[in-house]
Amino acid sequence: MKFKVENGPHVKSEETTSKIMTRFLISLTPIVCFAIFKNCLLNYYYSSVTFIEAIHPMLMIISAVLTSFISELLYFKFILKDTWENSFYEINRSFTIIPGLLLALVLPPNTPIWLVIFGAFISNILGKMLFGGFGQNIFNPALLGYLFISVSYSSLMGSPLNAYEIDTLAGATPLSNLSNLNYYGTYEEVVGSFGTFLNFFVGTIPGTLGETSKMLIIISFIYLIATKTIKWRIPVMYILTAFIMTLIIGHNIELGIWYALFSILSGGLLFGAVFMATDPVTSPITPIGQTFYGISLGILTIVLRFLTPYPEGVMTSILFMNMLVPLFDKIGLYFKENIKKIWILIILFIALIILSVTTISNNIKNLNNENASNPLDNKVKIVKKEKKDNETIYSVTSKAWGIIKADVKVVDGKIENISITDSSGETQWNEIEKNDYINKIIERQDDIDNVDAISGSTYTSDGLKNIVKKIIESELEDEG
Amino acid sequence: MFEIFLTALIVENVILTKFLGICSFLGTSNKEKNALGMGISVTVVVLISTILTYLINKYILIPTSSTYLQTITFILVIACFVQIIELIIKKYFKNLYDSLGIYLPLITTNCAVFGIILTNIKMDYDLITAIVNSLGSCLGFILVIYIFSLLREKIENNDILKSFKGIPISLITAGIMALIFERLI
Amino acid sequence: MRKIYDFLFKENPVFVLVLGLCSVLAVTTTFEKSYTMGIVVLIILVLSNTIVSLIRKFVNTEIRIPVYIIIISTLVTIIEILLNKYSKPLYDAFGIYLPLIVVNCIILGRALSFASKNKVLPSIKDAFKSGIGYLVAISLFGLFREVLGSGKITIMNDISILTGYRFIIDVFNNEVLPNKLFLSSGGAFILLGLLIGVINAFNGGDE
C-alpha cells in the first residue's frame, strides 16, 4: 500500500495559517526586543562603541526583513509575472519576513550588513521561491541562508561577542569554551567564566542575536504550545533527548547535573528547537513522525557537539533532518497502522542513544586522561590519507579559532608542505601570513612544541601547530 | 579501518563529493523503488568487481608491468561481469530480473562503479581496505540516492518554474545536500 | 548571432541533454582544467566516431557495446600515457576523471546512436558538433566557478611545462571577495542547476 503525503502546511484554512504565523511573530517579539536591548542599548551604555556601531544589530534585523520582503516581491512581479496587487497579496499571505527575521536572529551580532542581505536573499529566493513558494520548500529557509553564509564567508561573520562582552569576558562563547576544555571541567571553568546559571537564563552571555535569553524562549514556548501554534512534540522530544543524553554523559564522566543543564542552556539548542525545528512546512506531519524527528535531532546534535570539531551543531542537525522528513512521515504512517510494532523502533532508538552516549563518554575520558592517548584526537582529525611510495598526502581538519582544513604532503616521514584549503573561520589569518607562520612550523617540525604562537592569534597558531604534531605522530605510528 | 569506512560514506561521498554516477542518480531517483533497485544493483556489482579487479591487478598486471592496461582491463571486467550476472539472473531468478534487471546494462557505463574501482587502485589499497572502502562508498551511494528519491517525490507536484522543473531543481537540491554532508565531519 | 547560440546551446550535450556531467562537475575548479578536459573529450569523440563508423559494417549488433568500449578505452589509455609523460601536473590534477572518460555518456552515446549507423564524414561532423558543445559548456562552467570561487582565471599553469608559458589572471584584484562556495562540491551542483535552469528559460521555457 503506497502512502502519499501531500505538501504542508496542513491547516484547515487560510485564516488559520494566518493566525499561526501571527502568533509566531508575536512570540518572537520579546526576543527581538531583548536582542536589541542587550546588544545595542547595554552595549552602547557600557562600552565605547559609537552610535552607529551600537545600532548595528538593529540594522541587521531591519535589513534582513526588508531584503526578504523586497526580493520576494520582485520575484513575484518579474519572474512569475504577477501584478503588483497580487504580489502584495501573496506576500502578505505567506509571511515573507519570517525567514529573514529568523536568519538575523541566528547570526552573531557583528555580521556585516551586506552578508545579512546576501543570506536573506538566499533564504527567500533559493530556500523558498525556487522550490515553488510558500508551503513547498524542503529545507528551513532561514537555515539555508545561514548555511550559505557560513560556507561562503564564515570568517567575515564576526565575533559572537559584542564590544562590551569582549571587554569583560575572556574567550569565546560558552560552547566553544567547553570544546576547548575537551568537554571536561569544573563548574567554575565551564559555567563560572560566564557568570551563574542566572546569566544563562536571562541571556547576558555571548551568543547570536536570538539565542541567548533562555527565559524568554521558554516563555514563548509555553505561549506557542498553549495556543497550539507549533508542533509541540518536536521541541519537547528534542530538548528531552539532549538533556537525558548529557545527563548520562555527565554521570559517566563524574560531573553533576549542572553539566546537562549547561548543555541545554547554552548555544542555539532552545532557540532552534522551538523556532526552527517546528517550521510547519519542513517538519513531519504525523505525530509519531514528529516524536522521532525530535529524538533524532537530539541525538544528532549531541553527537555533532561532542564528536566533531564543530562546537554548535543545531543548525546542521535541523538541516540534515529536514532531508529525512519524508522518511519520518512514512514511519509515522506505518506505525500508526501497526502501533503494536512500535517497540521495535523504540528499542532501535534507545540502542542508538546508548551507543552514542558510550562513544562520547569514552572519547571525553580519553581526551582528559593524563596518562593516555591523545588530546590531539579531539583537536585534529585526519580525514583522508593517500599514500604513494614514499609520499603521503594527509587531509586534515583542525580545531583552531574556527576550523582549519589543510592538505599536508609528507615525504620520507617529513612534512614537506602544508596547503590550506579552508581558513575562512580564522579572523586573524593575515597575522599568520604576515609572519610566514606556516613555513616556520614546517621548518621547526621536530621542535614544534617550542614554537611560539603568534600573539593575537593564539587559537589559530595552536590549530596549525596541532596539525604538525598530529601528522608527525601518525607517521611515527606507521613506522612503529 | 572504521575511519576509511566513514570517510567513504560521508566525507568523500560517491555522489555528493566525487560526482560519480550522476547520470544514473538523476535518472533513477525519481521514484523510491527505482532508487533502491539501482543502489542494490550497484552495490553487488561494485563489491564483486572490487575483488576481481584487485586480483587481476595484483597477479596479472603488476607482475607483467602492464599497469597502463588498467583502464581497458577493468572496464572489460566490469562489462563482462555485468553481462554474466544479467544472464544468470534472467535464467534462474526471473522475478528478480523483472524488478532489477533493467538497471544492469546501465551499470556498465555507470561512473560510480568504475570510479570506486579506480579509487581503490590509485590509493593502492590492499584487499581488505579496498572492500571496506567499496562497502562504505556503496552505502553512501544508496543513502544519498534513497533520500534524494524521497525528496524528489515530495517536490514532484510543486509549482516550480517551468525552466527549473526536473533536472535544475534536482541539481540544486543535490547541492544543498552536499553542503550539509560536508558539515557533518 | 542567433544561429551561433542555437548551435551551441539549443542541443548542448551538457546543458540540454544532461550528459557527461561527472567530469563537468569534477574537474572544473580551474579554467585550465576545464578547457583541457574539453579538448581531450573532443579529440576522443572525433576519433572514436571515425573508427566506429569505419568498422560499422563488420560489427555484429550483439557485441557492439563491448567492442566500442574497447575502442574508446584504448583511445583513453593512449591519451593517459601521453599526458602522464608530457604534463604530469595535469595528469595528477585530473586524477580518476581521465580514465572515467571511457564511461562518459556522450562518447558511447554518439557512437551507438549515430556513428554506428552512418558514413564516416557525417559521423565526424556529428562528433564535432557534440564535442564543441561539450567544450564550450565545460569551459564556460569552469570559468564561472573559478572566477566566482577564487577570483582568478588560470589559463595556463599545469601545462606550462609543454608550452613554456604561465598565465593566470587576477580578475578582481582582491577588491571583491571570492566566494568559496563555488569551489565546493555543493556549489558546483547548485551552479550547474542554476545555469541549466537559466538556459532552459532562454531556450523557450518561457511562455
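Residues numbered from 1 in each chain as written. Chains lettered and ligands numbered in written order. Predicted model: local features only at pLDDT ≥ 70, side-chain atom pairs only at ≥ 80, totals over all residues.

## Observations regarding the overall build of chain A
Here's step 1: A tally of helices and strands in chain A yields 23 helices and 4 strands.
Here's step 2: Relative to the 2.2 N^0.38 estimate, which gives 23 Å for 480 residues, the radius of gyration of chain A is 24 Å and therefore close to what a compact globule would have.
Here's step 3: Dimensions along the principal axes, computed over C-alpha positions, put chain A at roughly 70 × 60 × 45 Å.
Here's step 4: Per-residue burial for chain A yields a buried fraction of 47% across its 480 residues.
Here's step 5: For chain A, long-range pairs separated by at least 24 residues make up 68% of all intrachain contacts whose partners lie at least 6 apart in sequence. (Helix = DSSP H or I, 4+ residues; strand = E, 2+ residues; numbered from the N terminus. Rg over C-alpha atoms; globule rule 2.2 N^0.38 Å. Buried ≥ 20, exposed ≤ 12 C-beta atoms within 10 Å, placed from the backbone. Contact = placed C-beta atoms within 7 Å.)

## Let's talk about the overall build of chain B
Here's step 1: In terms of regular secondary structure, chain B is built from 9 helices and 0 strands.
Here's step 2: Written out in order from the N terminus, the α and β elements of chain B read α-α-α-α-α-α-α-α-α.
Here's step 3: For chain B, restricting intrachain contacts to residue pairs at least 6 apart in sequence, the fraction spanning at least 24 positions comes to 77%.

## Focus: the pairing of strand S2 (residues 391–399) of chain A
Residues and elements named next belong to chain A.
Here's step 1: As defined by bridge partners, strand S1 (residues 380–388) adjoins S2 across 8 bridges and the pair is classed as antiparallel. Residue Lys381 lies in a different strand from S2, and its bridge partner there is Thr397.
Here's step 2: Of the pairings in the sheet, the one linking S2 to strand S3 (residues 403–411) comprises 9 bridges and is antiparallel in character. Among the inter-strand pairings, Glu391 is bridged to a residue of S3, identified as Val411.
Here's step 3: Here S2 hands over to S3 after 3 residues, the two strands then running antiparallel side by side. (Pairing = 2+ DSSP bridges.)

## Some remarks on the interface of chain A and chain B
When the parts of a complex come together, some accessible area is lost, and that lost area is often taken as the interface size.
Here's step 1: Chain A puts 23 residues into the contact, and the matching count from chain B is 24 residues.
Here's step 2: Those elements that provide at least two residues to the side of chain A that touches chain B are helix H7 (141–153), helix H17 (314–323), helix H18 (325–337) and S1 of chain A.
Here's step 3: Per-element tally for the side of chain A that touches chain B: the top contributor is S1(A), with 5 residues.
Here's step 4: Here the side of chain A that touches chain B is built from residues that sort into 14 nonpolar, 5 polar and 4 charged. (Nonpolar A, V, L, I, M, F, W, Y, C, P; charged D, E, K, R; others polar.)

## Topic: the sheet that holds S1(A)
Residues and elements named next belong to chain A.
Here's step 1: Reading across the sheet, the 4 strands line up as S1-S2-S3-S4 and stay open at both edges, with antiparallel pairing between neighbours. A strand with exactly one partner marks an edge of an open sheet, and here the two such strands are S1 and strand S4 (414–422). The average undirected angle you get between the axes of adjacent strands in this sheet is 20 degrees. (Axes fitted to C-alpha atoms, helices over the stretch in contact; angles between N-to-C directions.)

## A short note on the interface of chain B and chain C
Here's step 1: Residue-level contacts link 35 residues of chain B with 36 residues of chain C.
Here's step 2: If you list the elements that add at least two residues to the side of chain B that touches chain C, you get helix H2 (22–28), helix H4 (70–92), helix H7 (111–122) and helix H9 (167–182) of chain B.
Here's step 3: A per-element tally of the side of chain B that touches chain C places H9(B) first, with 11 residues.
Here's step 4: Partitioned by chemical class, the residues of the side of chain B that touches chain C number 24 nonpolar, 8 polar and 3 charged.

## Quick word on unusual backbone geometry
Residue and element names in this part refer to chain A.
Here's step 1: For Glu254, which is not a glycine, the phi torsion comes out positive at approximately 60 degrees.
Here's step 2: Mapping Glu254 onto the fold places it in the loop between helix H13 (233–252) and helix H14 (257–265).
Here's step 3: Overall, Glu254 belongs to the exposed group, with 9 C-beta atoms counted inside 10 Å.
Here's step 4: In this structure, Asp412 takes a positive phi of about 55 degrees despite not being glycine.
Here's step 5: With 10 C-beta atoms counted inside 10 Å, the residue Asp412 sits in the exposed group.

## Regarding the domain arrangement of chain A
Residues and elements named next belong to chain A.
Here's step 1: Partitioning chain A into structural domains gives domain 1 (11–169), domain 2 (230–373) and domain 3 (376–479).
Here's step 2: The C-alpha-based centres of domain 1 and domain 2 are spaced at 26 Å.
Here's step 3: Across the contact, 11 residues belong to domain 1 and 10 residues belong to domain 2.
Here's step 4: When residues of the side of domain 1 that touches domain 2 are assigned to their parent elements, the largest contribution, 4 residues, is made by H7. (Domains from an automatic or database assignment.)

## Focus: the nonpolar core
A general feature of soluble globular proteins is that nonpolar side chains tend to end up buried together.
Here's step 1: Counting residues in each nonpolar core, the largest one holds 221 residues, and the members touching the most others are Ala104(A), Leu143(A), Val113(B), Met177(B) and Leu100(C).
Here's step 2: The element best represented in this core is helix H16 (residues 287–307) of chain A, accounting for 11 residues.
Here's step 3: In contact with Leu143(A), not counting residues within four places along its chain, are Met276(A), Met315(A), Ile318(A) and Leu319(A). (Core = buried A, V, L, I, M, F, W, Y, C linked by C-beta atoms within 7 Å.)

## Quick look at the confidence of the model for chain A
Here's step 1: Per-residue confidence for chain A averages 84 on the pLDDT scale, and 93% of its residues sit at or above 70.
Here's step 2: Within chain A, H17(A) carries the highest mean pLDDT (94), whereas helix H8 (residues 163–168) of chain A carries the lowest (70). (pLDDT = per-residue confidence, 0-100.)

## Some details on the environment of Glu426(A)
Residue and element names in this part refer to chain A.
Here's step 1: Residue placement: Glu426 occurs in the loop between S4 and helix H21 (429–434).
Here's step 2: Sequence-wise, Glu426 and Ser155 are 271 residues apart; in three dimensions their C-alpha atoms are separated by 5.7 Å.
Here's step 3: Not counting the four nearest positions on each side in its chain, Glu426 is found in contact with Ser155, Ala400, Trp401, Gly402, Ile404 and Thr460.

## Some remarks on the packing of H16(A) against H17(A)
Residues and elements named next belong to chain A.
Here's step 1: Orientation of H16 relative to H17, taken along the N-to-C sense of each, is 140 degrees, at an axis distance of 9 Å. It follows that H16 is oblique to H17 by the angle criterion. Our pair here, H16 against H17, has a crossing hand that is right-handed. Facing H16, whose interface residues are Tyr293, Ser296, Leu297, Leu300, Thr301 and Leu304, H17 presents Val314, Thr316, Ser317, Ile318, Phe320 and Met321.
Here's step 2: Split into classes, the residues belonging to the contact of H16 with H17 amount to 8 nonpolar, 4 polar and no charged. (Parallel < 35°, antiparallel > 145°, perpendicular 65-115°, else oblique. Left-handed = near helix turned anticlockwise from the far one by under 90°.)

## Comments concerning the pairing of S3(A)
Here's step 1: In this sheet, S4(A) lies alongside S3(A) in antiparallel orientation, the contact comprising 7 bridges. Bridging from a neighbouring strand, Lys405(A) pairs with Asp422(A) of S4(A).

## Some words on helix H5 (residues 97–105) of chain A
Here's step 1: Among the 9 residues of H5(A), 9 are classified as buried, and the element is accordingly described as predominantly covered.
Here's step 2: Of the positions making up H5(A), those classed as buried are Ile97(A), Ile98(A), Pro99(A), Gly100(A), Leu101(A), Leu102(A), Leu103(A), Ala104(A) and Leu105(A).

## Here's the deal with the environment of Ile91(A)
Residue and element names in this part refer to chain A.
Here's step 1: Within the element layout of this structure, Ile91 appears in helix H4 (residues 84–94).
Here's step 2: Taking the C-alpha atoms as reference, Ile91 lies 9.9 Å from Ser68; in sequence the two are 23 residues apart.
Here's step 3: Look past the residues within four positions of Ile91 in its chain and what remains in contact with it is Phe69, Glu72, Leu73 and Thr96.

## Some thoughts on the confidence of the model for chain B
In low-pLDDT segments, the atomic positions of the prediction should not be examined closely.
Here's step 1: With 90% of its residues at a pLDDT of 70 or more, chain B has an overall mean of 81.
Here's step 2: Predicted as a complex, the structure gets a pTM of 0.87 and an ipTM equal to 0.88.

## Re the packing of H4(B) against H7(B)
Residues and elements named next belong to chain B.
Here's step 1: As a packed pair, H4 and H7 sit with axes 11 Å apart at the nearest point and diverge in direction by 135 degrees. Our classification of the angle between H4 and H7 gives oblique. The handedness of the crossing between H4 and H7 comes out as right-handed. Across from Gln70, Phe74, Ile75 and Ile78 in H4, the residues of H7 making contact are Val113, Phe114, Ile117 and Ile121.
Here's step 2: In the contact of H4 with H7, the residues fall into 7 nonpolar, 1 polar and no charged.

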